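Observations on the model geometry
Each chain is listed here by its residues.
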Amino acid sequence: MKPVRILVVGAGHVGLYAALRLSSKLRSTEAEVTVVDPQPHMTYQPFLPEAAAGNISPRHTVVPLRRELRDCNIVHGAVTKVEHSRKVATVQPVVGPSREIPYDHIIVAPGSVSRTLPIPGLREHAVGFKTIGEAIWLRNHVLECLDIAAATTDPQTRARALTFVVVGAGFAGVEALGEMEDMARDALRYYPELKADDMHWVLVEATQRVLPEVGPQMGAYTVEALLKRNMDLRLGTRLESCVDGVVKLSDGGEFAADTIVWTAGVKAHPMIAATDLPRNAQGKLTCDPTLRVVDGDSLVEGAWSAGDCAAVPDLTAAAGEMCSPSAQHAVRQARLLADNLIATVRGKGIREYRHKHVGSVASLGLHKGVAHVYGFKAKGWVAWFMHRTYHMSRIPSLNRKVRVIADWTLALFLKREVVSLGALHQPMDPFAQVTQPTQQP
């Protein structure tokens, strides 16, 4: 009997954890697992703020697929179409013509992308905070802004360079704001031309809540902690325009900023629209609690999904509510999905996804944090330590755990690196400037 062909679309939290479990528990005679992703690695997104702040090496926040998934077939490319009626996926490799990959079971888990709004200037002047590339670009950019401000004698240029705007007060926004401000303040020791009060850090949030995941009390503490660091919090405020880098807010505020970071939510990956699988009004795949794709009351045989791109009923909440797009759900769902798929291959019964909420932790910078875990509320150094401990335990592979711990240990004895390597983003410019143009014959 031929092995069952399992295709995993996406190697994020769901794809990687599911593939790891499938390849470790299924024999090669039972199944053949193929993983397709445009990137050769999985990014552990909770560590992006620390990577941006220089607390962790960028390479240690990503997990190489070929190292961790040695028993899987890895295809470096993007899935452009899924025809489940034929059980075939079309893949566009990084280079070369597209190819079709047939399957018996498919796990559709491309994750999510930034949810943006039609705000004038947003596309041209803002950056997201979901990829390692965005995080490292932001780090280099902020340090470059300090260099610009220190070198200029023009007050307007200095004010613009030292104004940093973060839109969205969820985990990504608050952690990015806290870590980057902490890094910039630390770097000022090497800039005698600048003072901490010269910097203007702005958090823009459309609602009245900051970090709603940690509860009202800890959210209020977060607001107090950020205000003590002289940050400008604009709650109940929307970004209306940022044309030419001039930020205009719904509360009437207007100022120029060279740094605008957009973290105002996520939406299902647009790749989902290129499938013939059923979706809800938000563009997510409709699933039942066993993580199988369903069309109304009908099961779509051989199709599975989980994470940010899946609408999975939350059996622990009120009827009709779906699981939120969080790393906690993604990791837990991935493991159950893999177990249910293994059980299906072996002709055994499957289970429904039901979770117990552990809580939430967030970093606000070095030695600063907030946490609400198993009913226990913490802040400051204790919460920061809990944040690091929790995420260190969750990042895949012993290799990455050891490297992250090594980064943190070295940071106890060595000062933080605060040099900008912005030239990495345009590596061919110096060579192009000294190379004479030639005419084609």
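Here is what the cut-offs are and how they apply
Residues numbered from 1 in each chain as written. Predicted model: local features only at pLDDT ≥ 70, side-chain atom pairs only at ≥ 80, totals over all residues. Heavy atoms only, no water. Salt bridge = Lys/Arg side-chain N within 4 Å of Asp/Glu carboxyl O. Helix = DSSP H or I, 4+ residues; strand = E, 2+ residues; numbered from the N terminus. Buried < 20%, exposed > 50% of the residue type's maximum accessible area, 1.4 Å probe, protein only. Contact = heavy atoms within 4.5 Å. Core = buried A, V, L, I, M, F, W, Y, C linked by side-chain atoms within 4.5 Å. Expected span 1.5 Å × (residues − 1). Arc of directions from axis to C-beta. UniProt positions renumbered as here; feature names shortened; annotations may be inferred. Phe/Tyr/Trp six-rings, centres within 6.5 Å; stacked < 30°, edge-to-face > 60°. Axes fitted to C-alpha atoms, helices over the stretch in contact; angles between N-to-C directions. Parallel < 35°, antiparallel > 145°, perpendicular 65-115°, else oblique. Left-handed = near helix turned anticlockwise from the far one by under 90°. Nonpolar A, V, L, I, M, F, W, Y, C, P; charged D, E, K, R; others polar.

So, on to the pattern of salt bridges. Scanning the entire structure with this criterion turns up 21 salt bridges. Here glutamate 181 and arginine 229 are joined by a salt bridge, their closest N and O atoms 2.8 Å apart. In this pair, glutamate 181 is assigned in helix H7 (residues 171-187) and arginine 229 in the loop between helix H8 (216-228) and strand S12 (232-235), connecting sequence segments 48 residues apart. Residue glutamate 181 is classed as buried on the basis of its relative accessible area of 1%. For arginine 416, the salt bridge goes to aspartate 186, with nearest N and O atoms at 3.3 Å.

Now for the side chain of threonine 90. Here threonine 90 lies in strand S6 (residues 88-93). For threonine 90, a relative accessible area of 13% gives the class buried. Sequence-distant contacts of threonine 90, defined by excluding residues within four places in its chain, comprise Ala78, Val79, Thr80, Lys81, Ser98, Arg99 and Glu100.

Counting 65 residues, the largest nonpolar core has Ile6, Leu22, Val35 and Ile107 as its most contacted members. Looking at which element gives the most residues to this core, the answer is helix H9 (residues 327-345), with eight residues. Setting aside anything within four residues of it in sequence, one finds isoleucine 107 in contact with Ile6, Leu7, Val8, Val9, Ala18, Leu22, Trp304, Leu337 and Leu341. Residues Phe129, Met180, Met199 and Leu211 belong to the second largest nonpolar core, which totals 49 residues.

Between the first and last C-alpha of helix H11 (residues 398-413) there are 23 Å, a value that for 16 residues agrees with the 22 Å anticipated at 1.5 Å per step. Residues Arg400, Val404, Asp407 and Trp408 constitute the buried set of H11. The buried side chains of H11 occupy one side of the element, clustering within an arc of 90° when seen end-on. Exposed side of H11, more than 90 degrees from the buried face: Leu398, Leu412 and Phe413 are the residues found there. Where H11 is buried, its residues meet helix H2 (48-53), strand S4 (62-64), helix H3 (65-68) and helix H10 (381-394).

Here the UniProt-annotated "domain: FAD/NAD(P)-binding" (unreviewed entry) positions come out as residues 5-321. Helix makes up 26% of residues 5-321 and strand 30%, whereas the separation of the span's terminal C-alpha atoms amounts to 33 Å.

With that out of the way, let us pick up the packing of aromatic side chains. Taken as a whole and judged by the stated rule, the model has five aromatic pairs. Ring geometry for phenylalanine 47 versus tryptophan 408: centroids 5.8 Å apart, planes at 85°, classification edge-to-face. Placement of phenylalanine 47 in the loop between strand S3 (41-43) and H2 and of tryptophan 408 in helix H11 is noted, with a sequence separation of 361 residues between them. With respect to burial, phenylalanine 47 and tryptophan 408 carry one shared label: buried. For the pair tryptophan 381 and phenylalanine 385, a centre-to-centre distance of 5.4 Å together with 5° between the ring planes defines the contact as stacked. Here the residue tryptophan 381 and the residue phenylalanine 385 both occupy positions in helix H10, the gap between them amounting to four residues, near one helical turn. The partly exposed category is assigned to phenylalanine 385, whose relative accessible area is 45%. Here the aromatic residues Tyr44, Phe47 and Trp408 are joined through ring pairs into a cluster of three or more.

Take the packing of H10 against H11 next. A pair of packed helices is characterised by two quantities: the angle between their axes and the separation of those axes. One way to put it is that H10 packs onto H11 with a least axis distance of 9 Å and a crossing angle of 150°. Considering the angle they form, H10 stands roughly antiparallel to H11. The chirality of how H10 crosses H11 is right-handed. Taking contact as the criterion, the partners of Arg388, Met392, Ser393 and Arg394 in H10 are, on H11, Lys401, Ile405 and Trp408. Tallied by class, residues from the contact of H10 with H11 come to three nonpolar, one polar and three charged.

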